[in-house]
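Residue-level structural notes
Below, each chain spelled out in residue letters.
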Amino acid sequence: MPSSSDIKEQLRTRLLRARRGLTADKRAEWTTALREQLEPELAGVSSVAAYWPLGSEPGGADFIPWLSRRVDRVLLPITCGNGVLNWAEYKGTHSMQPGQLGISEPAGPRFDSRVLCGCDLILAPAMAIDAAGNRLGKGGGYYDRALSLVPRNHPAVLAMVYPTEFLDSIPATSHDRRVEAVVTAAGIHRFSS
């Protein structure tokens with residue numbers, strides 16, 4: 001019988017293949033709808049921790065500039081050694097630089113993941129979310145470690161996925177951090193605590 005980690009890896013492979021297979025038109029359609037679903041969640045929100053979407057990830061290439069026009073402060077992750085994330089404030093596309101893993105990261109003062117507790121909202125990347133709020137990430141554990149410092153619901157952690165990535169179930173372990181809600185082009189689904 002395959003282990004939980006083997007099942008997760010097979011699922012990641014399948015989901016990544018499906019993401020890459022989406023047409024540009026379908027991605028654009030779902031990105032527009034996802035942002036329409038997310039916009040009301042940003043009302044009254046001042047500070048958001050988010051991520052810079054890569055390639056086919058939900059949100060689109062211009063997601064962070066879009067988000068920064070709607071809130072006062074956007075924090076983005078900086079990849080450090082040993083699976084640790086630090087955070088820095090997004091100050092515009094001119095302030096971005098390639099990070100350790102080739103992901104765009106903001107220049108400027110860095111904060112450890114405890115800074116997330118002071119945000120109004122956290123937008124976490126995900127490969128998939130299941131009906132219980134379990135999040136399947138890329139497998140490095142970076143976000144699980146960072147989110148372990150954040151109390152449940154304070155701030156709320158939302159994951160953004162395509163409608164086809166909201167699944168019935170995902171293998172989960174005790175260190176996997178559930179999210180409070182999932183945002184897709186089809187709507188927002190909140191999970192009970």
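Rules used throughout
Residues numbered from 1 in each chain as written. Predicted model: local features only at pLDDT ≥ 70, side-chain atom pairs only at ≥ 80, totals over all residues. Heavy atoms only, no water. Buried < 20%, exposed > 50% of the residue type's maximum accessible area, 1.4 Å probe, protein only. Helix = DSSP H or I, 4+ residues; strand = E, 2+ residues; numbered from the N terminus. Pairing = 2+ DSSP bridges. Contact = heavy atoms within 4.5 Å. pLDDT = per-residue confidence, 0-100. Expected span 1.5 Å × (residues − 1). Axes fitted to C-alpha atoms, helices over the stretch in contact; angles between N-to-C directions.

Because side chains alternate across strand E11 (residues 181–184), one face comprises the buried residues Ala-181 and Val-183, and the other comprises Val-182 and Thr-184, equally buried. In the sheet, strand E9 (residues 156–160) pairs with E11 via three bridges, with the strands oriented parallel. Bridge pairing links Met-160 to Val-183 in E11. The pairing of E11 with strand E12 (residues 187–190) spans four bridges and is classified as antiparallel. By the bridge assignment, Thr-184 is partnered in E12 with Gly-187. Turn length for the E11-E12 hairpin, with the two strands adjacent in sequence and antiparallel, is two residues.

The next thing to look at is the environment of Ser-4. Counting through the fold element by element, Ser-4 comes out in helix H1 (residues 4–21). Here the alpha-carbon distance between Ser-4 and Thr-173, two residues 169 residues apart in the chain, equals 8.4 Å. Apart from residues lying up to four places away in sequence, Ser-4 is in contact with Pro-171 and Thr-173.

Attention shifts here to the confidence of the model for the chain. Interpretation of this model should avoid reading the predicted coordinates in detail wherever pLDDT is low. A residue-level look at the chain finds 99% of positions with pLDDT of 70 or above and a mean pLDDT of 91. Within the chain, strand E1 (residues 47–49) carries the highest mean pLDDT (97), whereas strand E4 (residues 96–98) carries the lowest (88).

Moving on to helix H2 (residues 24–38). Taking 1.5 Å of rise per residue, 15 residues should cover 21 Å, and H2 covers 21 Å from first to last C-alpha, within 8% of that figure. When we look at burial in H2, the residues that qualify are Trp-30, Thr-31, Ala-33, Leu-34, Arg-35 and Leu-38. Where H2 is buried, its residues meet helix H3 (63–68), strand E6 (121–125), E9 and E11.

Within the secondary structure, Lys-8 sits in helix H1. With relative accessibility at 10%, the residue Lys-8 sits in the buried group. If near-sequence neighbours (up to four positions away) are discounted, Lys-8 is found in contact with Leu-136, Pro-171, Ala-172, Thr-173 and Asp-176.

Right, let's talk about the sheet that holds E6 for a bit. The seven strands lie next to each other as E3-E2-E1-E6-E9-E11-E12, forming an open sheet whose pairing is mixed. The open sheet has two free edges, formed respectively by strand E3 (85–89) and E12, since each of these has just one partner strand. Between one strand and the next, the sheet's axes are offset by a mean angle of 25°, whatever the strand orientation. On top of the sheet, H2 reaches E6, E9, E11 and E12; it is set at about 140° to E11, its chief contact.

Reading across from one edge, E8-E7-E10 is the order of the three strands in this open sheet, with mixed pairing throughout. Across the chains shown, the open sheet's two edge strands, defined by having one partner strand only, are strand E8 (135–136) and strand E10 (166–167). As defined by bridge partners, strand E7 (residues 128–130) adjoins E10 across two bridges and the pair is classed as parallel. Each residue of the ladder has a partner; that of Ile-129, found in E10, is Phe-166.

This part covers the pairing of E9. In terms of burial, E9 is largely enclosed, as four of its five residues are buried. For E6 and E9, the ladder comprises five bridges, and the chain directions are parallel. Bridging from a neighbouring strand, Ile-122 pairs with Val-157 of E9.

Turning next to the environment of Ser-169. Mapped onto the elements of the fold, Ser-169 is located in the loop between E10 and E11. We classify Ser-169 as exposed; its relative accessible area is 55%. Along the sequence, Ser-169 and Asp-62 sit 107 residues apart, while their C-alpha atoms lie 30 Å from each other.

Next up on the list: the environment of Gly-99. Inspection of the secondary structure puts Gly-99 in the loop between E4 and strand E5 (104–106). Note: C-alpha distance between Gly-99 and Arg-14 (85 residues apart in sequence) is 27 Å.

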